Amino acid sequence: MKLKTFSKINSAIPDAIAPALAFLAVAIAGVLLRPALPIDETRYLSVAWETWLSGDLLVPTKNFALYTHKPPLLFWLIQAVWAVTGVSEIAARLVGPVAAAGTILAIGKLAARLWPGDRGASGRAGWALAGSAVFALSGQLTMFDALLALCTVLTLLALLAAAETGGRGWWIMAGFALGLGGLAKGPVIMIHVLPAMLTLPWWAPAYGHRGRRDLLPGLALALLAGLGLVALWIVPAGLSAGPDWFDAVLWRQSAGRMTDAFAHARPWWFYVALLPLLLFPWVFLPTLWRQAARIRWSRPGLRLALVWTLPAMLAFSLISGKQLHYLVPELPAVALVVGRLFRDVRPRPSLLAILVGAVGGLLLAAVSGLVSFGRIDAMMRPSAAVILVGAGFIAMGIGSARCRGAVGTSLATLGAILGLNLLIGTTEIGAGYDPARVAVLLADQEEAGIALYSDEYHAEFTFAGRLAEPVSELATLSMVTEWANTHPDGVILSRLYEHPLPWRADKTIEFRGRSYGIWHASKPMD
């Protein structure tokens, strides 16, 4: 590897530091202001907690049973943090934001490498990613998408360096990043990077000076390195957990999701319909659309953006299971394009400013009773906090109308997200979504036994209650009666909106705007 390549890449870091720090500040505020959100964040914290209790880094568990839905990298990172801080919810929830901030730095590096003559490319791409609403929201959560996005960008950075230097070390580094992506979220990493790997000579200009003879050997080396890294986990984990685990991980959780999703099944046009949201706020800047019509899409960096986004969107549209955050690893490619478009124009985010101000107006209208947010209405207290946050949104809308370029637009987006975190943290919304309010009622009953009358327990209370035993899942009334007879001092929890028991609850509590009931098994159930 050439020292010159390292120096060029590292020189891009300072321009991207500012947007990374701005994002990180908003994300940290979010972690401090709001609780871990059910059911995803609470589930993954519970899996990490059970890993900590068992000390088994190979086979994750949920509710102390095999958890085959996700690979272990996120849980390993949380274990590493806890090894320093001890078990801490705040420390664990910072892993996702740090990965997202790393992605902002990485896309800044990639932009600088693709457009070496454009000094501002790194900063503009960084701000464009930090200001992408879906990325900024997903990046502050304890989920896998920001981590997968980081692995995706690192893979492409290493591929670009391999194209320039021809060094085997860079192909191995690409494979290492690819393997980390596999450990972060499984083989789906290939959808995000394989099209760019196969078309490397088309979008990496350095390849034209060296020919293409080493492309296939290099790709093979990268794939072998990635598979080898994943095998270091999956082989011993499979030997430890047994053949059923292999079947679940390698088939049902990968190919099975593609052909016949057992969760999140959506129509093929799902992502097309959500494009305005995925491209928010940039879609609301008409100047960028006009600039996109004039730009030369044949340039290498824009070619990369095309082969990065279009095949992935097509593939995910054809896959049965769909969620908005599945396309988060493509948002850095969008940031590359947006950053490039901002090179020659610096529009005011006028429409975005109107939208931000309108959010403030809606909050003030909700306090006055003119607008309803459904079950959230009861949590919009105290009114003074809602009024202050609403006024803040209006002031932010007025202020952002005076801003220009990627920085101004991104700060408007990040400011709006900060406002939402403040709304959650200063009103009863935060308390209403805090799993601790239910977990505290269950934790003392763990020795006697805890059961849930429902189709599935999502482990939403395991970490909050620091539970060390599984919650029994009761699917029928006969199972409830049998469990109560064998656990006379235990408690039974039920989601009243979904699976109410036919007996009067001893206690009812609101969680996520819905009613949960708690029964003591010692009391007659008739």
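Below, the structure is looked at part by part. Predicted model only: the values in this text are computed from it and were never measured. (Residues numbered from 1 in each chain as written. Predicted model: local features only at pLDDT ≥ 70, side-chain atom pairs only at ≥ 80, totals over all residues. Heavy atoms only, no water.)

Thoughts on the packing of aromatic side chains
Here is step 1: Evaluated as defined, the whole model comprises 15 aromatic pairs.
Here is step 2: Ring centres of Tyr271 and Phe316 lie 6.4 Å apart, and the angle between their planes is 75 degrees; this geometry places the pair in the edge-to-face category. Of this pair, Tyr271 sits in helix H15 (residues 270-273) while Phe316 sits in helix H18 (residues 300-318), and the two are 45 residues apart along the sequence.
Here is step 3: According to the relative accessible area criterion, Tyr271 is buried, its value standing at 0%.
Here is step 4: Looking at Phe316, the relative accessible area reads 3%, which means it is buried. (Phe/Tyr/Trp six-rings, centres within 6.5 Å; stacked < 30°, edge-to-face > 60°. Helix = DSSP H or I, 4+ residues; strand = E, 2+ residues; numbered from the N terminus. Buried < 20%, exposed > 50% of the residue type's maximum accessible area, 1.4 Å probe, protein only.)

Details of helix H7 (residues 121-130)
Here is step 1: Here H7 lies mainly inside the structure; ten of its ten residues are buried.
Here is step 2: Those residues of H7 that sit buried are Ala121, Ser122, Gly123, Arg124, Ala125, Gly126, Trp127, Ala128, Leu129 and Ala130.

Considerations on the pairing of strand E7 (residues 514-520)
Here is step 1: In this structure, strand E5 (residues 491-495) lies alongside E7, joined through five bridges in antiparallel fashion. Bridge pairing links Arg495 to Tyr516 in E7.
Here is step 2: Bridging between strand E6 (residues 507-511) and E7 involves five bridges; their strand directions are antiparallel. Following the sheet pairing, Phe511 is matched in E7 by Arg514.
Here is step 3: Taking the residues that link successive antiparallel strands as the turn, the E6-E7 hairpin has two residues, and the phi of Arg512 there is positive, at about 60 degrees. (Pairing = 2+ DSSP bridges.)

A word on the packing of H18 against helix H19 (residues 331-341)
Here is step 1: Their axes nearest at 9 Å, the elements H18 and H19 cross at an angle of 150 degrees. By the angle class used here, H18 and H19 are roughly antiparallel. H18 and H19 meet at a crossing whose hand is left-handed. Contacts between H18 and H19 involve Leu302, Leu304, Ala305, Trp308 and Thr309 from the first element and Pro332, Ala333, Leu336, Val337 and Arg340 from the second.
Here is step 2: Of the residues in the contact of H18 with H19, the class split is eight nonpolar, one polar and one charged. (Axes fitted to C-alpha atoms, helices over the stretch in contact; angles between N-to-C directions. Parallel < 35°, antiparallel > 145°, perpendicular 65-115°, else oblique. Left-handed = near helix turned anticlockwise from the far one by under 90°. Contact = heavy atoms within 4.5 Å. Nonpolar A, V, L, I, M, F, W, Y, C, P; charged D, E, K, R; others polar.)

Remarks on the environment of Ala48
Here is step 1: Residue position: Ala48 is located in helix H3 (residues 40-54).
Here is step 2: Taking the C-alpha atoms as reference points, Ala48 and Leu227, 179 residues apart in sequence, are found 24 Å from one another.
Here is step 3: Other than its neighbours up to four places away in sequence, Ala48 contacts Phe75, Ile78, Gln79 and Trp82.

Some remarks on the environment of Met380
Here is step 1: Mapped onto the fold, Met380 is located in the loop between helix H20 (350-367) and helix H21 (383-400).
Here is step 2: Considered as a pair, Met380 and Val440 are 60 residues apart in the sequence and their alpha carbons are 23 Å apart.
Here is step 3: Sequence-distant contacts of Met380, defined by excluding residues within four places in its chain, comprise Leu363, Ala366, Phe373, Val386 and Ile429.

What to know about the nonpolar core
Here is step 1: One finds Leu110, Trp203, Leu304, Trp308, Phe316 and Leu336 to be the most contacted residues of the largest nonpolar core, which totals 86 residues.
Here is step 2: The element that contributes the greatest number of residues to this core is helix H9 (residues 145-165), accounting for 13 residues.
Here is step 3: Discounting residues that sit within four places of it in the chain, Leu304 has contacts with Leu110, Leu114, Leu156, Ala196, Trp203 and Leu336.
Here is step 4: Listed in part, the 30 residues of the second largest apolar core include Leu141, Leu229, Ala237 and Val249. (Core = buried A, V, L, I, M, F, W, Y, C linked by side-chain atoms within 4.5 Å.)

A few points about the pattern of salt bridges
Here is step 1: Throughout the structure, instances matching the rule amount to twelve salt bridges.
Here is step 2: A salt bridge links Arg113 to Glu164, with the shortest nitrogen-to-oxygen separation between them at 2.4 Å. Residue Arg113 is found in helix H6 (residues 95-114), and its partner Glu164 is found in helix H9; the two are separated by 51 residues along the sequence.
Here is step 3: Relative accessible area serves as the criterion here: at 26%, Glu164 is assigned to the partly exposed category.
Here is step 4: With its nearest N and O atoms 3.4 Å apart, the salt bridge here joins Arg343 to Asp344.
Here is step 5: Taken together, the shared-partner salt bridges connect Asp118, Arg124 and Arg340 into one network. (Salt bridge = Lys/Arg side-chain N within 4 Å of Asp/Glu carboxyl O.)

A word on the sheet that holds E7
Here is step 1: Strand order in this open sheet of five strands is E4-E3-E5-E7-E6, and the pairing throughout is mixed. On the outer flanks of this sheet lie strand E4 (472-474) and E6, each paired with one strand and no other. Looking at each pair of strands side by side, their axes are set apart by 25 degrees on average, direction ignored.
Here is step 2: The strands touched by helix H24 (residues 436-443) within the sheet are strand E3 (450-453), E5, E6 and E7, with E6 carrying the most contacts at an inclination of about 145 degrees.

Side note on a nonpolar patch on the surface
Here is step 1: Residues Leu364, Ile387, Ile394 and Ile398 make up a contiguous nonpolar surface patch of roughly 310 Å² in combined accessible area.
Here is step 2: At three residues, the largest contribution of residues to the nonpolar patch is made by H21. (Patch = residues over 30% accessible without salt bridge, like charges linked within 9 Å, V, L, I, M, F, W, Y side chains within 5 Å. Areas by Shrake-Rupley, 256 points an atom, 1.4 Å probe, with all protein chains shown as cover.)

Here we look at unusual backbone geometry
Here is step 1: Backbone torsion omega between Phe280 and Pro281 reads 10 degrees, so that peptide bond is classified as cis.
Here is step 2: One can find Pro281 in the loop between helix H16 (275-278) and helix H17 (286-294).
Here is step 3: Cis geometry marks the peptide bond from Arg381 to Pro382; its omega dihedral reads 0 degrees.
Here is step 4: Tracing the sequence through the fold places Pro382 in the loop between H20 and H21.
Here is step 5: Located in the positive-phi region is Ala459, a residue other than glycine, with phi close to 65 degrees.
Here is step 6: With respect to the helices and strands, the residue Ala459 is situated in the loop between E3 and E4.
Here is step 7: Looking at Ala459, the relative accessible area reads 0%, which means it is buried.
Here is step 8: Even without glycine at this site, Arg512 takes up a positive phi of about 60 degrees.

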